[in-house]
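Residues per chain are reported as follows:
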Amino acid sequence: MIIKVLGPGCKNCKKLETNTREALKELGIEATIEKVESMEEIMAYGIMSTPALVVDEQVKFSGKIPSVKELKKYLQS
């Protein structure tokens, strides 16, 4: 599983990455997490507001910071 955290490196993006790592740990899932900070790359996904989460090249959400519980649902689907 490849997970990308899209955002310019702001506080919200860092929180999303932290929550994602915690959700993965609780689920016992191994994944590669990449931070994408380039606006060109972010816009290539059609993202207009950050932070956003991409799992195996599928955009799961953008513009919010879901809780660890919510992230677990995104990561299992």
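Remember, predicted model here, so these are calculated numbers, not experimental data. (Residues numbered from 1 in each chain as written. Predicted model: local features only at pLDDT ≥ 70, side-chain atom pairs only at ≥ 80, totals over all residues. Heavy atoms only, no water.)

Draft legend 1. A look at the pairing of strand E2 (residues 32-36). As defined by bridge partners, strand E1 (residues 2-6) adjoins E2 across five bridges and the pair is classed as parallel. For Ile2, the partnering residue across the bridge sits in E2 and is Thr32. Once the chain exits E1 it traverses helix H1 (residues 11-27) before rejoining the sheet at E2, and the crossover so formed is right-handed. (Pairing = 2+ DSSP bridges. Helix = DSSP H or I, 4+ residues; strand = E, 2+ residues; numbered from the N terminus. Right-handed = clockwise from strand over helix to strand, strands pointing away.)

Draft legend 2. Geometry of the sheet that holds strand E4 (residues 58-62). Pairing is mixed in the open sheet, where four strands are placed in the order E2-E1-E3-E4. In the strand order of this sheet, the two ends are held by E2 and E4, each with one partner. Across the sheet, the axes of successive neighbouring strands diverge by a mean angle of 20 degrees, strand direction being ignored. Two strands pair when backbone bridges link them, and strand E3 (residues 52-55) and E4 are joined in this way by four bridges, in the antiparallel orientation. Each bridged residue has a counterpart across the sheet, and for Val54 the counterpart in E4 is Val59. The strands touched by H1 are E1, E2, E3 and E4; relative to E1, the strand with the most contacts, the crossing angle is about 160 degrees. Strands E1, E3 and E4 of the sheet are contacted by helix H3 (residues 68-76), whose axis makes an angle of about 160 degrees with E4. (Axes fitted to C-alpha atoms, helices over the stretch in contact; angles between N-to-C directions. Contact = heavy atoms within 4.5 Å.)

Draft legend 3. Structural context of the nonpolar core. With 13 residues, the main nonpolar core has Ile3, Leu16, Leu53, Phe61, Leu71 and Leu75 as its most contacted residues. Looking at this core, the elements with two or more residues in it are E1, H1, E3 and H3. Ranked by residues supplied to this core, first place goes to H3 with four residues. Setting aside residues up to four positions removed in sequence, Leu75 forms contacts with Met1, Ile3, Thr20, Ala23, Leu24, Leu27, Ile29 and Val55. Listed in part, the six residues of the second largest apolar core include Leu6, Val36, Ile42 and Val54. (Core = buried A, V, L, I, M, F, W, Y, C linked by side-chain atoms within 4.5 Å. Buried < 20%, exposed > 50% of the residue type's maximum accessible area, 1.4 Å probe, protein only.)

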